[in-house]
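The lines below spell out each chain.
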Amino acid sequence: MTPFRLAVFVLIATATIAGAAELSVGPGKRFTKPSQAAASAHNGDIVNIDAGIYEGDVCVWTQKDLLIRSVGGLAHMKSGGKVANGKAIWVVGGVNITIEGIEFSGAACRDGNGAGIRIEGTAPTVRGCYFHDNQNGILTASDPLNDVLIERCEFASNGAGDGQTHNLYINHIRSLTFRWNYSHHAKVGHNIKTRALANHIIGNRFMDEATGTSSYVVDIPNGGLTFLLGNIIQQGPASSNRSVVINYGEEPNGRNPIQRLYVINNTCVNDHPQAGVFLNIAAGTTVARVENNLFIGPGTPINGPATSKLRNLCASPSQLVNRAAYDYRLVPGASAIDAGIDPGTADGQALLPIGQYVHPKDMETRMVVGAAPDIGAYEFGVTAKAKKKKGGEAAQVAVDKPPEPKAEPKPPPQLADAKQKDVWIARLRGAVERELAAKREPQFEVVSLHAQATLRELHADGVMVVALAGTGEMTVAWATLTDRDRASLATGMARRNDPQLNALAAFFLLAIGQESTARDHLMRAGEQAAAVEAAFVPSVK
């Protein structure tokens, strides 16, 4: 198993690792400071840090397989003028460490590279964290074996103002997966800078907004195998570098051996009156597919050796719901609707995004609505999640259709016999095995990861090999699937003319209380519908 696959698997399984201890940090707890827990934790432990401010408490984490998470809100690691090892608030030197829900601010050191987190270990996951007002939000050491996953985080106003420090700075590592994040207002530096050999930059919001002074919004100076899929990218009127928004491969020193670039279904907006270049591609790039992108504002869309420039659209802001409020969804009748193509796959990656960004730092499933994919980062007709922002600009809301009133959730029907679920789980597994034997790979949502997965293999011992879009393969135990996972798996396999698969979908949808959706599958289940109805009390009418 690769380090990256192991990192994701550990996230799912950590809580059940035999012998793992839970360490509590906070006022009145055994450990009052995170640094005390860092000194005492063992491999595989869980560190729970109460919400609150921990000022001047910096530390180094050296263990393996740790889960470090906040409890009751963000736990705020405030530098207070201190950094660990002269580098960062937290120096993460261990293997397969997951950090969730932690806030980092104020890191500064003499060399100008103070970071919220300095990554020196391998296969870390950083999720749901907030980095602001540091010299660098995250800074990694160079490591050709390191795979870094960062998702659902916010990076704001990081940088020393020297142009050499950034919201996050990824050095020469094997791979970066950066998805569903909000990176904005970098101080003169870049909203993201990565030198990784492989970059999966998917479904993020990169913004200067009205006052941000970033240089490049996205900088990939050494190239590499890079997927820039489904992002919203904006250069603001106060940008310190108005010539280029996205830069690829312009630094020859340390250039990666692979120079393949895929820029698909992004929405790029230039709010500076100067007409620069949206996407600059260095000479020597062997593959540069630039497809289904929406360009708004003045400037040249593409400069450099693009090998494919299909279905990109330069359009007016009237395509967007509210350019001034950074709501880049499409309006009814926009020329971008149904104007894209299915870009297929390349280098093992599906190029059409399966999710789209929801502000702040979230995602929703994206599917094709209509005759063809829409151009840009948003599919018209997909109902948006409504989320409140912490303050300032208004939350992004669905505009394709008015919100429907929420009904009170109904409990799922009671099973007629507790053993019925085991029977239907066995049927589901049999159906999966038949699909795989027919060379069909079921797709479903892994609810614990909020991510779409493709099921590649199911072994006799119950070990599944699944591929997360933009991430790579991982292993999951069949027994760890939840009812929601099973419902997603069953509905993903259901075909209109297959009663057995529709019966499976109906059963697991009923098991999680989704009666209205289950009825659609019951209507296609034929004689199998009676078996589904008989599994519940009262029976479904």
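Residues numbered from 1 in each chain as written. Predicted model: local features only at pLDDT ≥ 70, side-chain atom pairs only at ≥ 80, totals over all residues. Heavy atoms only, no water.

**Q** Lay out the overall build of the protein with the relevant residues and their values.
**A** For the protein, the count of helices and strands is seven helices and 42 strands. Across the 541 residues of the protein, 57% fall into the buried class. Counting contacts in the protein only where the partners sit at least 6 residues apart, residues at least 24 apart contribute 64% of the total. By element, 53% of the accessible surface of the protein is carried by carbon and sulfur atoms, the whole surface being about 21100 Å². (Helix = DSSP H or I, 4+ residues; strand = E, 2+ residues; numbered from the N terminus. Buried < 20%, exposed > 50% of the residue type's maximum accessible area, 1.4 Å probe, protein only. Contact = heavy atoms within 4.5 Å. Areas by Shrake-Rupley, 256 points an atom, 1.4 Å probe, with all protein chains shown as cover.)

**Q** Account for the sheet that holds strand S26 (residues 277-281), with residues named and values stated.
**A** Either a parallel or an antiparallel arrangement is found when strands of a sheet pair, and the pairing is made through backbone hydrogen bonds. As summarised here, the arrangement of the ten strands in space is S3-S5-S8-S11-S14-S17-S20-S23-S26-S29, forming an open sheet in which the pairing is parallel. The open sheet is flanked by strand S3 (59-61) and strand S29 (300-303), the only strands paired with a single partner. Each adjacent strand pair in this sheet contributes to an overall mean axis angle of 10°, direction not counted. Relative to strand S11 (residues 136-140), strand S8 (residues 115-119) runs parallel, the two being bridged by four bridges. Following the sheet pairing, Ile 117 is matched in S11 by Ile 138. (Pairing = 2+ DSSP bridges. Axes fitted to C-alpha atoms, helices over the stretch in contact; angles between N-to-C directions.)

**Q** Lay out helix H5 (residues 499-511) in plain terms, naming residues and giving numbers.
**A** An α-helical turn contains 3.6 residues, so a residue and the one three or four places further along point in the same direction. Helix length check: H5, at 13 residues, gives a terminal C-alpha distance of 18 Å against a target of 18 Å (1.5 Å per residue), a fit within 8%. Burial analysis of H5 places eleven of its 13 residues in the buried class, which makes it a mostly covered element. Among the residues of H5, those classed as buried are Leu 501, Asn 502, Ala 503, Leu 504, Ala 505, Ala 506, Phe 507, Phe 508, Leu 509, Leu 510 and Ala 511. With a side-chain oxygen lying 3.2 Å from the backbone nitrogen of Gln 500, the N-terminal cap of H5 falls on Asp 498. Where H5 ends, the next residue or the one after it, Gly 513, has phi of about 85°, a positive value. (Expected span 1.5 Å × (residues − 1). Polar contact = N/O pair within 3.5 Å; in protein donor to acceptor, adjacent residues only side chain to side chain.)

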